[in-house]
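# Summary of the model geometry
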Amino acid sequence: MTTVTANNSLAVSLNKPVANRRFGLLISLFISVIIVLLTLPFLNWILIGNDAKVAKSLGVSFSEVGAKTGYPAILFLDFVQKTGAGKLGFPAALLLMLCVASIVVHVLFIARLLINKPNKKGYLGLFSIGKAAYILTILSGLGGIGYCIYANVTVEALKKKTVIGNAFHPSWVVYAVLVIGIAAYVMIKIMEAEERKLYHEHGLLKEIKKNWILFIFLIPCFIYFLINNYLPMSGIYFAFTRFNFRDGLFSSPFVGLDNFEYLVKSDLWKLTRNTLLYNIAFIVLGNSFQIFFAILVSQCGVRWFKRTSQTLLLMPHFVSYVILKVLVYNILEYKMGVINSAIAAAGGERIDFYNTPAWWPFLITFFNLWKGLGYGTVVYLATIMGISDEYYEAAKIDGANIFQQIRFITLPLLKPTFIILLLYAIGGIFKGQFELFWQMVGSNGMLYNVTDILDTYVYRVTISQPLNMGWSTAAGLYQSVFGLIVVMITNAIIKHSNPDYALF
Amino acid sequence: MSKEEKVVFKGGTKIKKGASGITFDIIKYALLTIASIICVVPFILIISGSFSSNEVIMREGYGFLPKEFTTEAYQAIFKYPQEILNAYEMTIYYTGVGTAVGLTVIVLTAYVISRKTFKYRNVVSFLIYFTTIFGGGMVPWYLMYTTILGLKGSTFIIWFPAIMTPFFVILMRTFITGSVPDAIIESAKIDGAGEGKILLRIVLPVLGPGLATVGLFLALGYWNDWYRSSLFSTSKSTYELQFYLYNMINSAKALQEMSESGAGVGAISVPSQTTKLAMAVVTTGPVLLFYPFVQKYFVSGITVGAVKG
């Protein structure tokens, strides 16, 4: 009964000719297009008056470095780089991010407006994107004004003797964006309030009032992810600076893409190749072995054997990678290692593993499989155990032998688990198994060519060359960005072919 | 299908199953035995090496059985045990505090995002999940704790970064939704119970397996960690056990120091190779001792995580 009435009211409300809403959405569309145009790098946001004095206090001449007297917010970092004013860099980067985010969300909003497909909550989803877009617009407008104030204070402080006055000032564009943004936000807020009444929905404030204790429960988690994950994201900025101790983290000179250029010229290709190839090998071989052994374990009739083998297979998962290092050394060492002792005892030629790069791709892959076999086996075993016996009974009646049962029942039913694991693994394909590589190879430069991955490179540079952390941040950023792109593409493909498997 | 036909088919399959079944039986038991041996042998090598005489090892190499059984390596370690005992103590401290704090935070978070009436649970879940697909990388993370928060060298920084991961939160949420039906929570709310009371009186009492599983995942992570010490520890007094071991096997210097500190009181020679192995045994001992008892929780955790993806 209730669903029927709910459906009815939904249908009624969607078909109700809400003239205001349609008109309002049309205006929003128009405003969003204007805001995007104003934010794109066509119009100057920040004007620099008194340029001779500003140049003097920054210690450069504008004409020499090619700096101009007016910049769009998106391009202001260009000024920072050309004049070498490191202190102006980080806030300029934040402003850039705000503008880019504003443009992106506005474009999303415009796309949604054009497609104009209300879902079961009517236009509420559309309105929240619109609100986000206008909030970002307002923030970037305020950011433009705030940045000018900050820049004035900073440049003034550089040389106390010269009085520059308010050299940096926002242009009319900034004020226009701010005013339009606020007006549009208010408008969409009113439309949303009306829409909410139709669906008995409420906003954030009311939710906090109703469930305040749940919000309190979330505070520790919020603090943790803020400190551990979200705040460090701002450190991406370091990838674009050349760090020096005198200026400090956020004031070192902004150098644009220099660090990336250095990386591309030196090791990036090698590091990427190694990271990807190892991960592909780990994914393919790892999953094959895990599925294979999961099937073997599931087919064991003898209970004690089943349990014992599972216990033993899982054991390597429990020891630390430092212990793995001891193990590997113990087995491969030239003079005393187990393998070489055996070879010597048999009268053969000893193998110098630690000085022969050719061995290491196999060794690293082997020990990765060794450590991960038990875990993956349990994962697949869980799925196999969930398969109903009826399938097998029916197959037996039809005369299927054990191999046919595996081929036509077990393997197809393992597919969903396999795809989910594959997705996770592909999402992390730019992330190397740092601990494995670091403990097995460490700082054995002899082997870097075939064993150095992005993660070990970043770690090594961070530990041993703090001055070059621009490179390591750049390498880390490269890794994150490409990782994200890969995740997005994989997810989109999966969502397209089978939405149930999609990650988000 | 008539009854007769069924019988015929059954007879047919029996013969077939017998033939291919035996081959398969042999293959599967043989392969599983080999894989199990490969998984265990390295541990045997370490243990037997740690009980061997250093000189023989240097001369003949490692083997599967102790060569000239002796406990000299263990004696060398425990002759001056302050440092290793300190590392043990610190690791137990990190594991205890980290696991306790972590479990608390994880349960609180998981409870909130398991509540279907909480409007923003999808937003919160996504914000948590997003950290797994994008991050600033290691350097900004490191600088956040050291330069910005100025925590380098403290003990807080060793346990804090590992109190939770998105995976543990999702795992715990799965345990909660699996063991407490929504209807029970809703009826408790109707009876006037607050969220805190529901969590303490209704959810926690049945969350035993979930707590055990996630707690063990956390504890194992803490016990086996060396990375945070390598980045953040400034003095030996805050070393984690694994990092202590890592340092020791990495530098012949550490061993020399050990023998020199011994030399002051009464010279002993430290058996260099076997001591490393003995240290490995000492650091891993507790894990391997507990392993048989906690394994089932691990398996259940992996299983739950696997089923829910």
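Computed from a prediction, not measured in an experiment: that's the story for all the values here. (Residues numbered from 1 in each chain as written. Chains lettered and ligands numbered in written order. Predicted model: local features only at pLDDT ≥ 70, side-chain atom pairs only at ≥ 80, totals over all residues.)

Another point: the overall build of chain B. When you go through chain B residue by residue, the secondary structure sums to 15 helices and zero strands. Here chain B, with 309 residues, has 40% of them falling under the buried criterion. (Helix = DSSP H or I, 4+ residues; strand = E, 2+ residues; numbered from the N terminus. Buried ≥ 20, exposed ≤ 12 C-beta atoms within 10 Å, placed from the backbone.)

Within chain A one finds 22 helices and three strands. At 30 Å, chain A has a C-alpha radius of gyration far larger than the 23 Å of a compact globule built from 504 residues. If one aligns the C-alpha atoms of chain A with their principal axes, the spans along those axes are about 85 × 75 × 40 Å. Within chain A, contacts between residues at least 6 apart in sequence are counted, and of these 73% link residues at least 24 apart. (Rg over C-alpha atoms; globule rule 2.2 N^0.38 Å. Contact = placed C-beta atoms within 7 Å.)

Our next topic: helix α19 (residues 434-441) of chain A. The periodicity of an α-helix, 3.6 residues per turn, causes residues three or four places apart in sequence to face the same way. Here α19(A) lies mainly inside the structure; seven of its eight residues are buried. Looking at α19(A), one finds that the buried residues are E435(A), L436(A), F437(A), W438(A), Q439(A), M440(A) and V441(A). Buried residues along α19(A) sit in contact with α14 (321-332), α16 (360-385), α20 (448-451) and α21 (454-464) of chain A together with α12 (227-232) of chain B. G442(A) sits one or two positions beyond α19(A) and adopts a positive phi of about 60°.

Along its sequence, chain B is carved into domain 1 (3-60) and domain 2 (81-250). Spacing between the C-alpha centres of domain 1 of chain B and domain 2 of chain B amounts to 38 Å. (Domains from an automatic or database assignment.)

At the interface, 82 residues of chain B touch 79 residues of chain A. Of all elements in the fold, only α1 (3-50), α2 (54-60), α4 (82-114), α5 (121-133), α6 (138-148), α10 (195-203), α13 (241-250) and α15 (272-308) of chain B reach the threshold of two or more residues within the side of chain B that touches chain A. Sorting elements by how many residues they give to the side of chain B that touches chain A places α1(B) first, with 21 residues.

Attention shifts here to the environment of T104(B). Residues and elements named next belong to chain B. Within the fold, T104 resides in helix α4. A residue is classified by how many C-beta atoms lie within 10 Å of it, and T104, with 13 of them, is partly exposed. Taking C-alpha positions, T104 is 52 Å from E60, a pair spaced 44 residues apart along the chain.

This brings us to the environment of E72(B). Take E72(B): it is sitting in helix α3 (residues 72-79). In sequence terms E72(B) and A188(B) are 116 residues apart; their C-alpha atoms lie 63 Å from each other.

Its domain assignment divides chain A into domain 1 (2-228) and domain 2 (265-501). The C-alpha centroid of domain 2 of chain A is placed 44 Å from the C-alpha centroid of domain 1 of chain A.

This part is about the nonpolar core. Counting 188 residues, the largest nonpolar core has I46(A), V326(A), I106(B), M172(B) and L245(B) as the members making the most contacts within it. Broken down by element, the residue count for this core peaks at eleven residues, all from α4(B). With residues up to four places along the chain from it excluded, the contact list for L245(B) reads V322(A), M279(B), A280(B) and T283(B). (Core = buried A, V, L, I, M, F, W, Y, C linked by C-beta atoms within 7 Å.)

For the rest of this paragraph, the subject is the packing of α4(B) against helix α11 (residues 208-223) of chain B. Residues and elements named next belong to chain B. Packing of α4 against α11 brings their axes to within 9 Å, and their N-to-C directions diverge by 140°. Once α4 is placed against α11, the crossing between them reads as right-handed. On α11, the residues that touch T91, Y94, T95, G98, T99, G102, L103 and I106 of α4 are L211, V214, G215, L218, A219, Y222 and W223. Taken together, the residues of the contact of α4 with α11 sort by class into nine nonpolar, six polar and no charged. (Axes fitted to C-alpha atoms, helices over the stretch in contact; angles between N-to-C directions. Left-handed = near helix turned anticlockwise from the far one by under 90°. Nonpolar A, V, L, I, M, F, W, Y, C, P; charged D, E, K, R; others polar.)

Pairing between the strands of a sheet comes from backbone hydrogen bonds, and it takes one of two forms, parallel or antiparallel. Residue and element names in this part refer to chain A. The strand order across the open sheet built from three strands is β2-β1-β3, with neighbouring strands paired in antiparallel fashion. Single-partner strands in this sheet number two, and they are β2 (70-71) and β3 (168-170). Pairing geometry for strand β1 (residues 46-48) and β2, over two bridges, is antiparallel. In the sheet register, I46 faces β2, and the bridge partner there is Y71. Packing against the sheet, helix α7 (residues 124-158) makes contact with β1 and β3, and its axis sits at approximately 170° to β3. (Pairing = 2+ DSSP bridges.)

On to the confidence of the model for chain B, then. Residue and element names in this part refer to chain B. The predicted model of chain B averages 81 in pLDDT, with 85% of residues at 70 or higher. The lowest-confidence element of chain B is helix α14 (residues 252-265), averaging 49 in pLDDT; the highest-confidence one is α4, averaging 93. Predicted confidence for residues 1-17 stays below pLDDT 50, and this span has 13 contacts to residues more than four positions away or in other chains. Between residues 262-268, whose pLDDT stays under 50, and residues either more than four places distant or in other chains, the model counts seven contacts. (pLDDT = per-residue confidence, 0-100.)

Residues and elements named next belong to chain A. Summary statistics for chain A give a mean pLDDT of 85 and a share of 95% for residues scoring 70 or more. Mean pLDDT across the secondary structure elements of chain A bottoms out at helix α1 (residues 2-15), with 50, and peaks at helix α10 (residues 212-230), with 93. When the criterion is pLDDT under 50, residues 1-6 qualifies, and its contacts beyond four places in sequence or with other chains add up to zero contacts.

Orientation of α10(A) relative to α4(B), taken along the N-to-C sense of each, is 125°, at an axis distance of 8 Å. Relative to α4(B), the element α10(A) is oriented oblique. Taken as a pair, α10(A) and α4(B) cross one another with a handedness that is left-handed. Mapping the contact onto sequence places L214(A), F217(A), L218(A), P220(A), C221(A) and Y224(A) in α10(A) and V105(B), L108(B), T109(B), Y111(B) and V112(B) in α4(B). Considered class by class, the residues forming the contact of α10(A) with α4(B) number ten nonpolar, one polar and no charged. (Parallel < 35°, antiparallel > 145°, perpendicular 65-115°, else oblique.)

Turning to the environment of Q242(B), a few remarks are in order. On the secondary structure map, Q242(B) appears in helix α13. According to the C-beta neighbour criterion, Q242(B) is buried, with 26 such atoms within 10 Å. Each C-alpha atom, one on Q242(B) and one on T283(B), is 6.9 Å from the other, the two residues being 41 residues apart in sequence. Excluding residues within four positions of it along the chain, Q242(B) makes contact with S320(A), V322(A), N224(B), D225(B), W226(B) and T283(B).

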